[in-house]
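# Summary of structural features
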Number of protein chains: 2
Amino acid sequence: MGGSMRGFSPRIGALRESPTRKIDELREKLRRENRDVILLSTGQPSIPPPREVREALGELLKVDTMELYGYTPSQGIYEVRQAISEDLRRLGGLEVPPEQIVLTAGGQAAMFSTLATLIEPGDEVVVTDPTYFGYKPLLEYFGAVVKPVRTRLEDGFQPNPEALKDSVSRKTKALILVSPDNPTGRALKEEAAKAVVDLAEDYDFWIITDEAYKTLIYEGSHIYLYKLAPDRTISINTFSKDPAIPGWRLGYVYGPPEVMPKIKLVNEEMVYCPPSFAQRLVAIYLRSEARMRYIREVVEIYRQKRDVAVAALRKYVPEARFIVPAGSMFIFVDLSRYISDGESFARELLERYGVAVVPGSYFSEIYRAAVRISFVTEPPHRLEEGIRRIGEALKAT
Amino acid sequence: MGGSMRGFSPRIGALRESPTRKIDELREKLRRENRDVILLSTGQPSIPPPREVREALGELLKVDTMELYGYTPSQGIYEVRQAISEDLRRLGGLEVPPEQIVLTAGGQAAMFSTLATLIEPGDEVVVTDPTYFGYKPLLEYFGAVVKPVRTRLEDGFQPNPEALKDSVSRKTKALILVSPDNPTGRALKEEAAKAVVDLAEDYDFWIITDEAYKTLIYEGSHIYLYKLAPDRTISINTFSKDPAIPGWRLGYVYGPPEVMPKIKLVNEEMVYCPPSFAQRLVAIYLRSEARMRYIREVVEIYRQKRDVAVAALRKYVPEARFIVPAGSMFIFVDLSRYISDGESFARELLERYGVAVVPGSYFSEIYRAAVRISFVTEPPHRLEEGIRRIGEALKAT
């Protein structure tokens, strides 16, 4: 289009299609060919929200007014933020007033709006390696310089204080920490959490903590960084995993009082208000008797699946290296004793063995021979069968 | 925070709270004081989606699987895009394949992602004056230089070809046109539409057309600019007005094949996927027998309300100048024969007379003595009473 004004913004050059979306497309193609695929690639929950909550919501659809359909405040309905505030107190003993909570159109919008609020081009942002694949393109879109800090399987993927220190500088704007972690399943331990907070105070940068899996804990308990550093911690949350409404798009951010009105404004510009129907569900859910019971049941079911996956890995892929996840939905499996390229292995595994996983290279520059296995989406017998096929595929390479 | 890295992005300085949100807050305060307010400020529909559609949706909530709750493709569910494609053919004779439609988290996200895709800092963007108050801050956020083109009440707010030509240059990246218009209710006429398209072709810029009110037409018919210039028209749409689910946040963009994958990518980064529950409603709605009947009924009810508002204005505010809206939900009333400052008048009107309107200065540099009246939200008797109080308040000034 030489000379034309009909071009595009150069900034969007940083954006790439989500890798799991590419896997979804291939999966869709196989489905059209009537081929069954065992889905170990997606972090989609397998248990819908409590039936009583869904039924209460269904009743609201019968009312002939605009009540259920109208705009909500751009920060989210006050009662929903109150219910979240109570939930954070119950779960973690946190004191976060509703005024410091901003509801968003999912965890992705929570992170997008937080980065839009904080990042100037040239700012340095520290992220762990491995980390969730969504953050690097987003940081590049906002012009940040990504500074990876390696975490090692041998250390249980806990960030190492010395390595952390090497990754920060006076240009560090923020550090992003996912806990429980995607893809490794590591839950941050107290010592590492304290090292992060000390460093953030020394260099005066923001801590952005992605707590999408905070209620999916199988061992120990979740550390709320906000409790350790309320002045500098911005917490990203979602209702996609608990109570399992990923498609409905609702999440929230909480953090210090001076930053929240700005994050609210960005969300108002992006989507005007958070989806109201999902807000209604969450209002009912968080204050229902079902809330704590549901999450206990879900954790118990996911823990059993996790144990099935771990046992199957030990049986069918004995040379695999991984940590038993303390939280989240994933096992990050280093296959370097079998293969060197996880990406071509994952493609082969999907096309010839009908098993979808996400290659390690999407999360890490180092663990390129790894794959991420989600243990929540499939029922136990298919989970085990998927891992058996991974072993079979590895034997054939 | 001198010397600290804990600052904010300077770009968000362009963002301001939506002015109708400020009115909402004042309204909320009056409500807490138990004062009734007649709401002529908001473009919120008054008729919920068809009952049969809501009931069908309620049935889905009873099913114990993840089907209703899971992520959807980031472009939106294919069947929903197919239904939209059929709807555009039925409504306007358009041929837009589902591949060229991207579902978004509402019309605001549709515009945000379109501007993110197109705008480089320094690009000039032409907007009419008056225009929807949401666009100027958004354009400034993306670094665009806003070039207003005045439209005049005497011309029925149709853009004038000469004035249009004066506003464009070789740096013009896009022109934004709302039709039927918010705030003026003007529906673009063929002559003005052709002038816009000719100019866009001469200067080779994008046409961004906001068609939020395309089915709310009371006189004549809606002109689809995409039909006249399919290579350069990007159309912004919403389901907030039809079928009246503003809080659920669903809209869509369609346009030329080369631009849509980029807009899709931006939406994926912003919100991952459009809200799925709203997608389900739209899928049922657009393909139901209720679809055309519902919009006919809504248009008939809104037309009656419009006529009530017009008659009341002529009776109680005889020196008011306005065009009878051919579409949308609004009458833009020039009160310059009574007052000079619409903003202080609107505040006075709300606080002392309990009637909420939006001042003209939020839409226009020129029509600062105007107010925007929404005629859809309140029932006819309250609409008339609100306008009677406007006349009373004007007499007292």
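As the structure is a prediction and not an experimental result, all values here were calculated from the model. The residue numbers shown here count from 1 along each chain, following its written sequence. Here every chain gets a letter starting at A, and every ligand a number starting at 1, in the order they are written. Since the coordinates come from a predicted model, pLDDT governs what is reported: local features require at least 70, and pairs of side-chain atoms require 80 or more to be given and counted, while whole-chain, interface and lining totals use all residues. With hydrogens and water set aside, each side-chain value is computed from the structure's full complement of heavy atoms.

## Quick notes on the pattern of salt bridges
- By definition here, a salt bridge exists when the distance from a side-chain nitrogen of Lys or Arg to a carboxyl oxygen of Asp or Glu is within 4 Å. Throughout the structure, instances matching the rule amount to 64 salt bridges over all chains.
- A salt bridge links A:Glu319 to A:Arg337, with the shortest nitrogen-to-oxygen separation between them at 3.8 Å. Taken together, the residues A:Glu319 in the loop between helix H11 (290-316) and strand E9 (330-334) and A:Arg337 in the loop between E9 and helix H12 (342-353) connect sequence positions 18 residues apart.
- A residue is classified by how much of its surface remains accessible, and A:Glu319, at 37% relative accessible area, is partly exposed.
- Where B:Lys194 meets B:Glu190, a salt bridge forms, and the shortest distance between an N and an O atom there is 3.6 Å. Of this pair, B:Lys194 and B:Glu190 both sit in helix H7 (residues 190-203), 4 residues apart, which is roughly one turn of that helix.
- Under the relative-accessibility criterion, B:Lys194 is labelled partly exposed at 43%.
- Connected through salt bridges with shared partners, the residues A:Arg152, A:Glu154, A:Asp155, A:Arg321 and A:Asp334 form a single ionic network. Numbered from the N terminus, helices here are DSSP runs of H or I no shorter than four residues, and strands are runs of E no shorter than two. For each residue, the accessible area found with a 1.4 Å probe, counting protein chains only, is set against the maximum for its type, and the residue is called buried under 20%, exposed over 50%, and partly exposed in between.

## Examining the packing of helix H2 (residues 51-60) of chain A against helix H10 (residues 276-286) of chain A
Residues and elements named next belong to chain A.
- Running from amino to carboxyl end, H2 crosses H10 at an angle of 130°, the nearest separation of the two axes being 9 Å. Considered as vectors, H2 and H10 are oriented oblique to each other. Where H2 crosses over H10, the two elements pack in a sense that is right-handed. Listed contacts from H10 to Val53, Ala56, Leu57 and Leu60 of H2 are Phe277, Arg280, Leu281, Ile284 and Tyr285. Working convention: axes come from line fits to C-alpha atoms, limited for helices to the stretch in contact. Angles between N-to-C directions cover 0 to 180 degrees. By the definition adopted for this analysis, an angle is roughly parallel if under 35 degrees, roughly antiparallel if over 145, roughly perpendicular if from 65 to 115, and oblique otherwise. By convention the crossing between two helices is left-handed if the near helix lies anticlockwise of the far one by an angle smaller than a right angle, and right-handed if it lies clockwise. Contact definition: two residues touch when any of their heavy atoms are within 4.5 Å.

## Section: the domain arrangement of chain A
Residues and elements named next belong to chain A.
- Domains are outlined according to an automatic or database domain assignment. Segmenting chain A into domains produces domain 1 (10-48 + 292-396) and domain 2 (70-289).
- Just the C-alpha atoms count here: the centres of domain 1 and domain 2 sit 24 Å apart.
- With 42 residues of domain 1 in contact, the opposing surface of domain 2 contributes 40 residues.
- When two parts are put together, the accessible area they lose, computed with a 1.4 Å probe and summed over both, is reported as buried area. Where domain 1 abuts domain 2, roughly 3500 Å² becomes buried across the two surfaces, and 62% of that area is made up of carbon and sulfur atoms.
- By the criterion of area lost to domain 2, the three top residues of domain 1 are Ile323, Phe363 and Tyr367, representing 17% of everything that side buries.
- On the surface where domain 1 and domain 2 come into contact, there are 3 salt bridges.

## Digging into the pairing of strand E9 (residues 330-334) of chain B
Residue and element names in this part refer to chain B.
- Among the 5 residues in E9, 5 count as buried, and that is most of the element.
- Burial of E9 is two-sided: the residues Phe330, Phe332 and Asp334 facing one way and the residues Ile331 and Val333 facing the other way are all buried.
- Two strands are said to pair when DSSP picks up at least two bridges between them. Looking at chain direction, E9 and strand E12 (residues 370-374) are connected through 5 bridges and run antiparallel. Looking at the pairing, phenylalanine 330 lines up with serine 374 of E12.

## What to know about the sheet that holds E12(B)
All names here are of chain B.
- If you trace the 3 strands from one edge of the open sheet to the other, you get E9-E12-E11, paired in antiparallel fashion. The outermost strands of the open sheet, each flanked by one partner alone, are E9 and strand E11 (358-359).
- The sheet strands contacting helix H11 (residues 290-316) are E9 and E12, and the helix crosses E9 at an angle near 15°.

## Describing the sheet that holds strand E3 (residues 124-129) of chain B
Residue and element names in this part refer to chain B.
- With respect to topology, 7 strands assemble into an open sheet ordered E2-E8-E7-E6-E5-E3-E4, the strand pairing being mixed. The open sheet has two edge strands with one neighbour each: strand E2 (101-104) and strand E4 (145-150). Strand-to-strand, the axes of this sheet are offset by a mean angle of 20°, without reference to chain direction.
- Here helix H3 (residues 78-92) sits on the sheet and contacts E2 and strand E8 (251-254); the angle it forms with E2, its principal contact strand, is near 115°.

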